Amino acid sequence: MHKPCALLKSQVSLSCCLLLGVAAACHAAESKSVDRPNFLFICVDDLRPALGCYGDPLAITPNIDQLAKRSRIFNHAYAQQAVCGPSRTSVLTGLMPDETEVWHNRNQFRQHRPNTITMPQMLASQGYHTMALGKVFSGNQRELDPLSWNRGEILREPHWNTYVTNHNQAAGKQAAFEMPDVSDADYPDGKLAALAIAKLNTLQNSGRPFFLAVGFFKPHLPFNAPKQYWDLHRDQDFHYSYKNSGSPDAPPIAYHSHRELGGYRGIPSDEILADEMEATLRRGYYACVSYVDAQVGKLLQALEQTGLDKSTVVILWGDHGFSLGEGHRWCKGTNFELDTRVPLIIHIPEMAAPGKSTNALVGLVDLYPTVVALANINPPSGLAGLPLTKVLRRPSARVQQHVMSQFSRPWNSKSPETMGYSVRTPTHRYTKWVDLKDGTVLQEELYDYDNPDSIRHEHNYTIEYRNQIHSEEYQQARRAMSRRLTHELKALHK
Ligand SMILES: [Ca+2]
């Protein structure tokens, strides 16, 4: 069985192999060449563009900044749903949340679409070694996808504990942050970097191209990082407040009611925090980003030392954005710019215009078609995204005119009752909240990113403040954006 599968490369043969459940063993027996690069696919949990290379003045991220100098930096990359599981599933399946029916972390795409061929599964079928370390699909052991990986998927190893201090050892959520004087390897991301480096050496000797996904756990809450990374950041830099900046006038449904931060010990459940606590949490987030940056640096250094950098595409992405009190809220779970916009950095060996950023609008759902294009593999039919290869060749290239994100209310693992569909163009965001029972439009939002009355900039981030949906001068834009979204949804739901 193995030999015929290994020699067949068509979609038909792929279906044959998948049906027989031996996809992981179905490799084209070819040696690696420049046409078949390796992939180091680095996912960073809850990372907004809090990076020096994105112009964040509070970020201390020398290693990712160095990577960016040899890469394409995507200024306008967006998650398809601003929460872990749905976003990651969209990336790895190449489908929108309405297609995977993964709108919540506890939903699993194979229940709805058992025959989905994921990005790594596709690569595995064409001779790649595919391996996942850390949080790639999900942070939950029950929600992994063995079909995607032919070298196993290691979410955590024993003793990869979220907390290291004695007073945080009970089960579940404890303090929202800790800053012990420990080494990198005392926390999971340090252990993960060491494991990934060891696996790189194994993969190098395998004689086959590889797709290694490494999913770092921070800066997701709790903001736990070794003291040395907290010490990089001065407490006074984070003492600023948005409390007097006026409330955004978006409709209530635009906001999440899930109190992720409020569930930690010592944090008020309504997430209305004292200034001191706000500053500490912000500093903790940036400390965690610096900690992850150091681990990414180790991984990239190993890539260079092994010489694999000459044949490896590096893709670094955040699974969604994050709010640190901007817009009067914390965490993620909305269709706003802060939550949907993510860092995306793609490095290709010997790429054109390295270090140049692009303003092309892209979705994380575009990563699947991009990866298979770079691997010279035909994509499966029906992918929602488009390959970004022309933007990798030319930063001024454009791929699409808008990107769609969505979020359900209430947010739980049942079928959603209400969905907020949001379309981002280069200048506007239009969001429509729909009752899914009968299609009734419950609320609309329209923001103009070129109008200072509509948005605010705070520390390099854009916050929607004034919903223009009822403004007379915006009715033409409203109709145009509504048509655009309707067209998009028709195509999605056909
Ligand atoms: Ca996340």
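Not measured: the values here are computed from a predicted model.

## As for the overall build of the protein chain
Looking only at helices and strands, one finds 14 helices and 18 strands in the protein chain. In summary, the protein chain has a C-alpha radius of gyration of 22 Å against a globular reference of 23 Å for 494 residues, a match within 12%. Taken over the C-alpha atoms alone, the protein chain extends approximately 65 × 55 × 45 Å along its principal axes. Counting every position in the protein chain, which comprises 494 residues, the buried fraction comes to 50%. Within the protein chain, residue pairs in contact and separated by at least 24 positions form 67% of the contacts whose partners lie at least 6 positions apart.

## A few points about the domain arrangement of the protein chain
Partitioning the protein chain into domains gives domain 1 (1-30) and domain 2 (38-394). Here domain 1 and domain 2 have C-alpha centroids that lie 31 Å from each other.

## Thoughts on the pairing of strand 3 (residues 129-134)
Most of strand 3 is tucked away, with six of its six residues classed as buried. The sheet contact formed by strand 3 and strand 6 (residues 210-216) spans six bridges and is parallel. By the bridge assignment, T130 is partnered in strand 6 with F211. Where strand 3 lies against strand 4 (residues 153-154), two bridges are found, and the strand directions are parallel. The residue bridging A132 from the neighbouring strand is E153, located in strand 4.

## Structural notes on the environment of D45
Here D45 shows up in the loop between strand 1 (38-44) and helix 3 (62-69). You can call D45 buried: it has 23 C-beta atoms within 10 Å. Every residue in contact with D45, bar those within four places of it in the chain, is listed here: C84, K135, G215, F216, F217, K218, H220 and D319.

## Let's talk about the nonpolar core
Ranked by size, the top nonpolar core spans 120 residues in total, and within it I42, L212, I315 and L316 carry the most contacts. Excluding its chain neighbours within four sequence positions, the residues that come into contact with L316 are I42, V44, I64, L67, V296 and I345.

## Structural notes on the sheet that holds strand 14 (residues 418-424)
Read from one edge to the other, the open sheet built from four strands follows the order 13-14-15-16, with strand pairing classed as antiparallel. Each edge of the open sheet is held by one strand with a lone partner, namely strand 13 (403-409) and strand 16 (441-448). For this sheet, the mean inter-axis angle between neighbouring strands, taken without regard to orientation, is 15°. Here strand 14 pairs with strand 15 (residues 428-435) via seven bridges, running antiparallel. Within the sheet, the bridge partner assigned to S422 lies in strand 15 and is T431.

## A closer look at the sheet that holds strand 2 (residues 72-78)
Strand order in the open sheet formed by eight strands is 4-3-6-1-8-11-2-12, and the pairing between neighbours is mixed. In this open sheet, the two strands that pair with only one neighbour each are strand 4 and strand 12 (357-363). Sheet analysis places strand 8 (residues 312-318) next to strand 11 (residues 341-347), joined by four bridges and oriented antiparallel. Looking at the pairing, W317 lines up with L344 of strand 11. This element, helix 8 (residues 188-204), spans strand 3 and strand 6 of the sheet and lies at about 175° to strand 6.

## What about helix 10 (residues 275-305)?
Between the first and last C-alpha of helix 10 there are 45 Å, a value that for 31 residues agrees with the 45 Å anticipated at 1.5 Å per step. Positive phi shows up at G307, right after helix 10, with a value of about 80°.

## Re the confidence of the model for the protein chain
The pLDDT averaged across the protein chain works out to 92; a share of 93% of its residues lies at or above 70. Taken as a whole, residues 1-33 scores under 50 in pLDDT and shows 36 contacts with residues more than four places along the chain or in a different chain.

## Examining the packing of helix 3 against helix 10
Where helix 3 meets helix 10, the axes come as close as 7 Å, and the angle between the chain directions of the two elements is 50°. Judged on the interaxial angle alone, helix 10 and helix 3 are oblique. Along its contact with helix 3, which presents P62, N63, I64 and L67, the element helix 10 presents D293, A294, V296, G297 and L300. Looking at the contact of helix 3 with helix 10 residue by residue, the classes come out as six nonpolar, two polar and one charged.

## A look at the environment of P349
Within the secondary structure, P349 sits in the loop between strand 11 and strand 12. Each C-alpha atom, one on P349 and one on K310, is 5.7 Å from the other, the two residues being 39 residues apart in sequence. Residues contacting P349, with those up to four places away along its chain left out, are P37, K310, S311 and T312.

## Some details on the packing of helix 8 against helix 10
Here helix 8 crosses helix 10 at 10°, and the two axes come no closer than 9 Å. As the angle between them shows, helix 8 and helix 10 are arranged roughly parallel. Across the interface between the two elements, D189, G190, L192, A193, A196, I197 and L200 from helix 8 touch Y291, V292, Q295, K298, L299, A302 and L303 from helix 10. Looking at side-chain class alone, the contact of helix 8 with helix 10 contains ten nonpolar, two polar and two charged residues.

## Points about the pairing of strand 13
Most of strand 13 sits inside the fold, with six of its seven residues counted as buried. Across seven bridges, the pairing between strand 13 and strand 14 is antiparallel. Residue pairing across strands places F407 opposite G420, the latter belonging to strand 14.

## Structural notes on unusual backbone geometry
Omega for the peptide link from K218 to P219 comes to 15°, which places this bond in the cis form. Here P219 lies in the loop between strand 6 and strand 7 (223-224). Here the bond from L221 into P222 is cis, since omega is -10°, no more than 30 degrees from zero. With respect to the secondary-structure elements, P222 resides in the loop between strand 6 and strand 7. Within the chain, E101 stands out as a residue other than glycine whose phi angle is a positive 60°.

Cut-offs used in this document
- Residues numbered from 1 in each chain as written.
- Predicted model: local features only at pLDDT ≥ 70, side-chain atom pairs only at ≥ 80, totals over all residues.
- Helix = DSSP H or I, 4+ residues; strand = E, 2+ residues; numbered from the N terminus.
- Rg over C-alpha atoms; globule rule 2.2 N^0.38 Å.
- Buried ≥ 20, exposed ≤ 12 C-beta atoms within 10 Å, placed from the backbone.
- Contact = placed C-beta atoms within 7 Å.
- Domains from an automatic or database assignment.
- Pairing = 2+ DSSP bridges.
- Core = buried A, V, L, I, M, F, W, Y, C linked by C-beta atoms within 7 Å.
- Axes fitted to C-alpha atoms, helices over the stretch in contact; angles between N-to-C directions.
- Expected span 1.5 Å × (residues − 1).
- pLDDT = per-residue confidence, 0-100.
- Parallel < 35°, antiparallel > 145°, perpendicular 65-115°, else oblique.
- Nonpolar A, V, L, I, M, F, W, Y, C, P; charged D, E, K, R; others polar.

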